[in-house]
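Next come the chains, spelled out residue by residue.
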Amino acid sequence: MLKRLDRSDLEKLLSALATGYRLLTPQRLADGTRLLRPHGEGALALQGEPVQRKPTEAFFPQHDPLLRIGEQGEVTTCDPPVRPVALFGLNAADLGCIAFIDRFFADPPADDHYLARRKDALLVGLTGFSGPGGDVLPPANGMCDLELLAFGQNWLGVPWTPRGEALLEGFPDGEQAEVEELLESARTRGNPAQDLLEKAAGLVASEVVPDDFWREVGDRCILCSGCNLACPTCTCFCVEDRQEQAVTLRSRVWDSCQFDAFMREASGHNPLGTEALRTRRRIHHKLAADVTRWGEFGCLLCGRCDRVCPTGIGIQAVAAEILARFGP
Amino acid sequence: MPPRSSPTKTQSIYAPRPCRLLSVTDLTPQEKLFRLQLNDGSDLGHRPGQFVQVSVPGLTEAPISVASSPDRHGFFDLGIRRAGRLTTALHALQPGAQLGVRGPFGRPFQLETLTGKDLLLIAGGCGLAPLRSLLQYCEDHRNRFGVLHLLYGARSPADLMFKEDLHDWQKGACFNCRVTVDHSPADGCYDGATGLVTGLLDDLDLVPGRTVAVLVGPPPMYRPLLDALEHKGIAKESIMLSLERMMRCGIGKCGHCSIEHLLCCQDGPVFWLPEIEHLRGAL
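Only a predicted model underlies this, so the values are computations on that prediction, with no experimental measurement involved.

**Some thoughts on the overall build of chain B**
Each helix and strand in chain B was counted, giving 7 helices and 15 strands. Its C-alpha atoms give chain B a radius of gyration of 19 Å, within 12% of the compact-globule value 19 Å for 283 residues. In terms of its C-alpha atoms, chain B occupies a principal-axis envelope of roughly 75 × 40 × 35 Å. Considering only residue pairs separated by 6 or more positions, chain B has 69% of its internal contacts joining residues 24 or more positions apart.

Following this line, the structure appears as structure tokens:
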């Protein structure tokens, strides 16, 4: 059931979404930043670079209250907001990141706190000619409830779940033929960044990258932790208690494996006690450890760590350097 | 209409279970033994080698190994070194205090694999606390095992944990128990062995083919001990270790205890040597 939406249809769809969900849509700030923000707060930015902040924060926020502990030790869990969130306008990389952490948090023992936030949420992919300057983006391949492929002044609505199907009811029928050229263009485009990542991953996994390299890259790190905080598949957290009178609010807070204290134990033992070890861990984890454990890279090439890193050691930059120095 | 979120009715995996402190016993100047009981009276449900997350409101949680056998009912023991803010607060508690625990978590000692074997049980420092859960289990099920060797090393006589237990294990028939300290004070009050725990292996009579070694100790202990075990003919496949890591969640989500692709809190803390020896940072 494909549907063809024009601009007024799109507005209707957004209105329907805003009725039942806490709807976040891509908008552009005055400084040019493209962000997911509450729908209606600013003008829609349906084309452009990936949204600046990681969309996974909708389900795994930077500060995430877990529970309250009362004076007598009674525990009350912090439930998710009553209105589930709908994320509109996600590209394939970001949808892949959400799928990655969905599986991570659902893996037994399941993280009920994450799943409660995630289970009623709705994902709308925005692909087709939606990239920067109207460039074509790769298709979502089913990683969302509903995909909108932009072409010309229209969108082809592709439902991937019953909820997506229900949302498209009533709109005029569309034809895949209308976007065949678009899909073919996306298919034949190739992905040089993916090729680069795969080749570098092979070198990292086979341990041909020497410790001196990790030391050198680690020396360039200024410990801002931006790579971890910007990464949609980074899920590491520490736990924090805040006390207000007799009640303790226990939360989880994003953490960074680039910090010296990340693994340091009370005994003083620190398995990641040097910059070189921590840098290797960041790259090895995404390109080798995640492949062993989960069968896929922990990097979906969203590009955020490379954009945020002030010293140019985001994962794609490091992968390129590995390939240049240690590749065939 | 899209579905609406509904409040979670089940108890969260992050919610601690309330428990009561039954007693506190000094073990060393730095370590105390805490005996706890769940408020609902139920057993913890652990297996030897597992750990719990001990919750102190205001100070978050710390992973602590269970130091008693699951077959000793009505309580569970935790041997805790005072090392940070949370453990310092625990050391100030009096019997009757309320605490919270989550767990038990982690992969325990694989008792089914140990059954019928001679066991070479080696602990260093406060590693005796997690090993004690297995030692008590062995005491309670003595006929399931062959020869039981227990080797324990601490820095000084004052640092020896579970002194009463050690006395009983040395005097009793269950274990061939040997104890050593790195350094003996000059006051002459200690007349036991001195030297590293590896030295206790030198003249130990082992049958490699039917011996499983179980190691629990501080990270620097493992490499020299593994060399000594190789020298004694113990195969890598017959060596089990419990690793210490900073676990924030206990359920494989926080990332703090990762060893390459493994998560110490879920895939461990007990590992067979071949599972980890090739991983950077494991040992």
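**Looking at the nonpolar core**
Counting 164 residues, the largest nonpolar core has A:Leu87, A:Val124, B:Leu121, B:Ile122, B:Ala213 and B:Val214 as its most contacted members. For this core, the element with the most residues is helix 2 (residues 92-106) of chain A, which contributes 8 residues. Beyond its immediate stretch of four places on either side in the chain, B:Val214 contacts B:Phe109, B:Leu119, B:Leu121, B:Ile122, B:Leu134 and B:Met240. Grouped together as the second largest cluster of nonpolar side chains are 5 residues, A:Leu66, A:Ile69, B:Tyr14 and B:Ala15 included.

**Focus: the sheet that holds strand 2 (residues 22-28) of chain A**
Residue and element names in this part refer to chain A. Ordered in space as 1-9-8-7-6-2-3, the 7 strands form an open sheet in which the pairing is mixed. In this open sheet, the two strands that pair with only one neighbour each are strand 1 (3-5) and strand 3 (34-38). On average, adjacent strands in this sheet sit at an angle of 25° to one another, irrespective of strand direction. Looking at chain direction, strand 7 (residues 122-128) and strand 8 (residues 146-151) are connected through 5 bridges and run parallel. By the bridge assignment for strand 8, Gly128 is matched with Ala150. Of the strands in this sheet, strand 1, strand 2, strand 6 (85-90) and strand 9 (154-159) touch helix 1 (residues 7-20), which is tilted by about 135° from strand 2.

**Looking at the domain arrangement of chain A**
Reports of interface size often rely on the accessible area that becomes lost once the parts have come together. Residues and elements named next belong to chain A. Taken domain by domain, chain A comprises domain 1 (3-60 + 80-188) and domain 2 (193-326). Relative to domain 2, the C-alpha centre of domain 1 lies at a distance of 28 Å. At the junction of the two partners, domain 1 supplies 13 residues and domain 2 supplies 12 residues. Here the residues of the side of domain 1 that touches domain 2 sort into 8 nonpolar, 2 polar and 3 charged.

**Overview of the environment of A:Gly125**
Residues and elements named next belong to chain A. The residue Gly125 is located in strand 7 in this model. In this structure, the C-alpha to C-alpha distance between Gly125 and Phe88, residues 37 residues apart in sequence, is 6.5 Å. Excluding residues that lie within four positions of it along the chain, Gly125 makes contacts with Leu90, Leu95, Ala140, Cys144, Glu147 and Leu148.

**Quick notes on the confidence of the model for chain A**
The predicted model of chain A averages 94 in pLDDT, with 100% of residues at 70 or higher. Averaged pLDDT values over the elements of chain A bottom out at 77 in helix 5 (residues 180-188) of chain A and peak at 98 in strand 6 of chain A.

**A few points about the confidence of the model for chain B**
All names here are of chain B. Looking at chain B, the pLDDT average stands at 93 and 96% of residues meet or exceed 70. In this model residues 1-10 is a low-confidence stretch, pLDDT under 50, and it forms 20 contacts with partners more than four residues away in sequence or in other chains. Interface confidence for the predicted complex, expressed as ipTM, amounts to 0.91; the pTM equals 0.93.

**Regarding the sheet that holds strand 5 (residues 76-81) of chain B**
Residue and element names in this part refer to chain B. As summarised here, the arrangement of the 6 strands in space is 4-3-6-1-2-5, forming an open sheet in which the pairing is antiparallel. Two strands lie at the open edges of the sheet, namely strand 4 (61-65) and strand 5, each paired on one side alone. In this sheet, adjacent strand axes meet at a mean angle of 40° when their direction is disregarded.

**Considering the packing of helix 6 (residues 192-205) of chain A against helix 11 (residues 315-326) of chain A**
The relative placement of two packed helices comes down to the angle between their axes together with the axis-to-axis distance. Residues and elements named next belong to chain A. For the pair helix 6 and helix 11, the least separation of the axes is 9 Å and the interaxial angle reads 65°. Viewed along their axes, helix 6 and helix 11 form a crossing whose handedness is left-handed. For the pair formed by helix 6 and helix 11, the contact residues are Ala193, Leu196, Leu197, Lys199, Ala200, Leu203 and Val204 on the first element and Gln316, Ala319, Ala320, Ile322, Leu323 and Phe326 on the second. Class assignment of the residues belonging to the contact of helix 6 with helix 11 gives a composition of 11 nonpolar, 1 polar and 1 charged.

**A closer look at the domain arrangement of chain B**
Looking at the assigned domains, one finds that chain B contains domain 1 (17-105) and domain 2 (111-242). Distance between the C-alpha centres of domain 1 of chain B and domain 2 of chain B: 24 Å.

**Describing the packing of helix 6 of chain A against helix 9 (residues 275-294) of chain A**
Residue and element names in this part refer to chain A. In the contact formed by helix 6 and helix 9, the axes pass within 9 Å of each other and the chain directions differ by 85°. Regarding the angle of helix 6 to helix 9, the classification is roughly perpendicular. Where helix 6 abuts helix 9, its residues Leu197, Ala200, Ala201, Val204 and Ala205 lie against Ile283, His284, Leu287, Ala288 and Val291. Partitioned by chemical class, the residues of the contact of helix 6 with helix 9 number 9 nonpolar, 1 polar and no charged.

**Some details on the pairing of strand 7 of chain A**
Residue and element names in this part refer to chain A. For strand 7, the buried fraction is high: 7 of the 7 residues fall into the buried class. Both faces of strand 7 are covered, namely the face carrying Leu122, Val124, Leu126 and Gly128 and the face carrying Leu123, Gly125 and Thr127. With 4 bridges joining them, strand 6 and strand 7 adopt parallel strand pairing. In the strand pairing of strand 7, Ala86 is matched with Leu122.

**Let's talk about helix 3 (residues 128-140) of chain B**
Residues and elements named next belong to chain B. The end-to-end C-alpha distance of helix 3, which contains 13 residues, comes to 18 Å, matching closely the 18 Å that a straight helix rising 1.5 Å per residue would cover. Within helix 3, 10 of the 13 residues are buried, leaving the element largely enclosed by the surrounding structure. Those residues of helix 3 that sit buried are Leu128, Ala129, Pro130, Leu131, Arg132, Ser133, Leu134, Leu135, Tyr137 and Cys138.

**Digging into the pairing of strand 6 (residues 98-105) of chain B**
All names here are of chain B. For strand 6, a buried count of 7 out of 8 residues is recorded, marking the element as mostly surrounded by other parts of the structure. Two strands pair when backbone bridges link them, and strand 1 (residues 17-26) and strand 6 are joined in this way by 4 bridges, in the antiparallel orientation. Its bridge partner lying in strand 6, Arg20 is registered against Gln98.

**Describing unusual backbone geometry**
Cis rather than trans, the peptide bond between A:Pro108 and A:Pro109 has omega equal to -5°. With respect to the helices, strands and loops of the structure, A:Pro109 is situated in the loop between helix 2 and helix 3 (112-118). Note the cis peptide between B:Gly268 and B:Pro269, where omega equals 10°. At A:Ser225, a residue that is not glycine, the phi angle is positive and equals roughly 70°. With respect to the element layout, A:Ser225 can be found in the loop between helix 7 (211-220) and helix 8 (226-230).

**Observations concerning the interface of chain A and chain B**
Facing the 45 residues of chain A at the interface are 37 residues of chain B. Sorting the residues of the side of chain A that touches chain B by element identifies strand 4 (63-69), strand 5 (75-77), helix 3, strand 10 (237-244), strand 11 (247-254) and helix 9 of chain A as the ones contributing at least two each. At 6 residues, the largest contribution of residues to the side of chain A that touches chain B is made by strand 10 of chain A. Split by residue class, the side of chain A that touches chain B holds 24 nonpolar, 10 polar and 11 charged.

**So, helix 7 of chain A**
Residue and element names in this part refer to chain A. Residues of helix 7 that are buried include every one of Trp214, Val217 and Gly218, and no others. Angular distribution of buried residues about the axis of helix 7 spans 105°; they occupy a single face of the element. The exposed residues of helix 7 that point more than 90 degrees off its buried face are Asp212 and Asp219. Next to the buried residues of helix 7 lie helix 9 and helix 11.

About the thresholds
- Residues numbered from 1 in each chain as written.
- Chains lettered and ligands numbered in written order.
- Predicted model: local features only at pLDDT ≥ 70, side-chain atom pairs only at ≥ 80, totals over all residues.
- Helix = DSSP H or I, 4+ residues; strand = E, 2+ residues; numbered from the N terminus.
- Rg over C-alpha atoms; globule rule 2.2 N^0.38 Å.
- Contact = placed C-beta atoms within 7 Å.
- Core = buried A, V, L, I, M, F, W, Y, C linked by C-beta atoms within 7 Å.
- Buried ≥ 20, exposed ≤ 12 C-beta atoms within 10 Å, placed from the backbone.
- Pairing = 2+ DSSP bridges.
- Axes fitted to C-alpha atoms, helices over the stretch in contact; angles between N-to-C directions.
- Domains from an automatic or database assignment.
- Nonpolar A, V, L, I, M, F, W, Y, C, P; charged D, E, K, R; others polar.
- pLDDT = per-residue confidence, 0-100.
- Left-handed = near helix turned anticlockwise from the far one by under 90°.
- Parallel < 35°, antiparallel > 145°, perpendicular 65-115°, else oblique.
- Expected span 1.5 Å × (residues − 1).
- Arc of directions from axis to C-beta.

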